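Commentary on secondary and tertiary structure
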Amino acid sequence: MSKRSSVKHKIDRRLGENIWGRPKSPLNARAYGPGQHGQRRKGKLSDYGLQLRAKQKLKGYYGSITEKSFKKLYNEAARVKGDTGENLIGLLESRLDAIVYRAKFVPTVFAARQFVSHGHILVNGKRVNIPSYQVKVGDKIEIRERSKQLTVVLEAVQLAERDVPEYVETDHHKMTATFVRVPALSDVPYPVQMEPNLVVEFYSR
């Protein structure tokens with residue numbers, strides 16, 4: 001697992017958006033970027049700047065995925081028939097850490113990556129500790145028996161700030177989830193607008 005190069009709250013401030021919709025986001029108190037120049041007036045972004053920003057926002061949302069991993073997902077999305085932007089979102093939402101987050105087993109995408117890495121998750125009865133593991137439609141994801149009473153899990157289930165989307169069928173009594181279908185962009189409950197079309201333009205330059 002790669003080490004994040006920046007504190008997760010700085011991602012919000014650098015991008016100028018509360019990308020996870022969390023109440024604790026520093027943007028709720030300081031709606032400007034970090035650092036001594038954070039309050040400077042921002043100029044109009046070029047097309048390249050807009051495309052880069054869209055890529056950074058999407059990468060950051062899923063726990064600051066490395067450029068190498070993100071580009072690999074993009075290439076895979078481009079190879080598959082259909083809209084590349086929609087395919088990219090489908091691949092991102094099919095990641096095991098993303099589904100663990102969507103199922104509300106943990107409070108954040110960063111916690112989901114750590115939770116999977118520490119071996120707390122089973123996929124179809126087998127332990128999987130790779131956050132980027134691509135879950136297939138119909139796969140059953142569950143928390144290991146001895147991990148079900150962890151405080152982080154019990155607190156996450158009670159979070160009122162987000163709901164479980166329809167493409168992840170969840171049973172919080174048994175701590176299980178089933179990946180029902182690959183979602184389209186419009187199905188994903190992003191707190192902010194994501195623009196995968198701009199990401200496609202960025203890589204197509």
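Residues numbered from 1 in each chain as written. Predicted model: local features only at pLDDT ≥ 70, side-chain atom pairs only at ≥ 80, totals over all residues. Heavy atoms only, no water.

Quick look at the overall build of the protein chain now. On a plain count of helices and strands, the protein chain comes out with 8 helices and 5 strands. Counting helices and strands in the order they occur from the N terminus, the protein chain gives α-α-α-α-α-α-β-β-β-α-β-β-α. Within the span of the protein chain, comprising 205 residues, buried residues form 48% of the whole. Intrachain contacts of the protein chain at a sequence separation of at least 6 include 61% that bridge at least 24 residues. Accessible surface, the protein chain as shown: approximately 11,400 Å² in total, 48% of it carbon and sulfur. (Helix = DSSP H or I, 4+ residues; strand = E, 2+ residues; numbered from the N terminus. Buried < 20%, exposed > 50% of the residue type's maximum accessible area, 1.4 Å probe, protein only. Contact = heavy atoms within 4.5 Å. Areas by Shrake-Rupley, 256 points an atom, 1.4 Å probe, with all protein chains shown as cover.)

For the rest of this paragraph, the subject is the environment of E169. Examined against the element boundaries, E169 turns out to sit in strand β4 (residues 168–171). The spacing of E169 and A103 is 66 residues in sequence and 7.8 Å in space, taken between C-alpha atoms.

What follows concerns unusual backbone geometry. A positive phi angle is found at N124, which is not glycine, with a value near 55°. Looking at the secondary structure, you find N124 in the loop between β1 (121–123) and β2 (126–127). We note that M175 has phi near 60°; this positive angle belongs to a residue other than glycine. Inspection of the secondary structure assignment puts M175 in the loop between β4 and β5 (176–179).

The next thing to look at is the packing of helix α4 (residues 84–93) against helix α8 (residues 196–204). It is the contact of α4 with α8, at a shortest axis distance of 8 Å, that shows an interaxial angle of 110°. Put simply, α4 runs roughly perpendicular to α8. Residues T84, G85, L88 and I89 of α4 lie in contact with α8, whose contacting residues are P196, V199 and V200. Of the residues assigned to the contact of α4 with α8, the class counts are 5 nonpolar, 2 polar and no charged. (Axes fitted to C-alpha atoms, helices over the stretch in contact; angles between N-to-C directions. Parallel < 35°, antiparallel > 145°, perpendicular 65-115°, else oblique. Nonpolar A, V, L, I, M, F, W, Y, C, P; charged D, E, K, R; others polar.)

Two residues of an α-helix separated by three or four positions point the same way, owing to the 3.6 residues in each turn. Most of helix α6 (residues 109–117) is tucked away, with 7 of its 9 residues classed as buried. Buried within α6 are the following residues: V109, F110, A111, A112, R113, F115 and V116.

Looking along a regular strand, one sees the side chains alternate between the two faces of the sheet. Where β1 meets strand β3 (residues 140–143), 3 bridges bridge the pair, whose relative direction is antiparallel. Residue pairing across strands places V123 opposite I141, the latter belonging to β3. Pairing of β3 with β5, which is carried by 3 bridges, proceeds in the antiparallel orientation. If you follow K140 over to β5, its bridge partner there is T178. (Pairing = 2+ DSSP bridges.)

Turning to the pattern of salt bridges, a few remarks are in order. Per the counting criterion, the structure on display carries 7 salt bridges. The partner of E67 in a salt bridge is K55, and the shortest N-O contact between them spans 2.7 Å. In this pair, E67 is assigned in helix α3 (residues 67–79) and K55 in helix α2 (residues 47–61), connecting sequence segments 12 residues apart. On the accessibility criterion, K55 (6% relative accessible area) is buried. The partner of E67 in a salt bridge is K59, with the nearest N and O atoms 3.1 Å apart. Each member of the salt-bridge network shares a partner with another, and the members are K55, K59 and E67. (Salt bridge = Lys/Arg side-chain N within 4 Å of Asp/Glu carboxyl O.)

Limitation: the analysis is restricted to geometry and does not speak to function.
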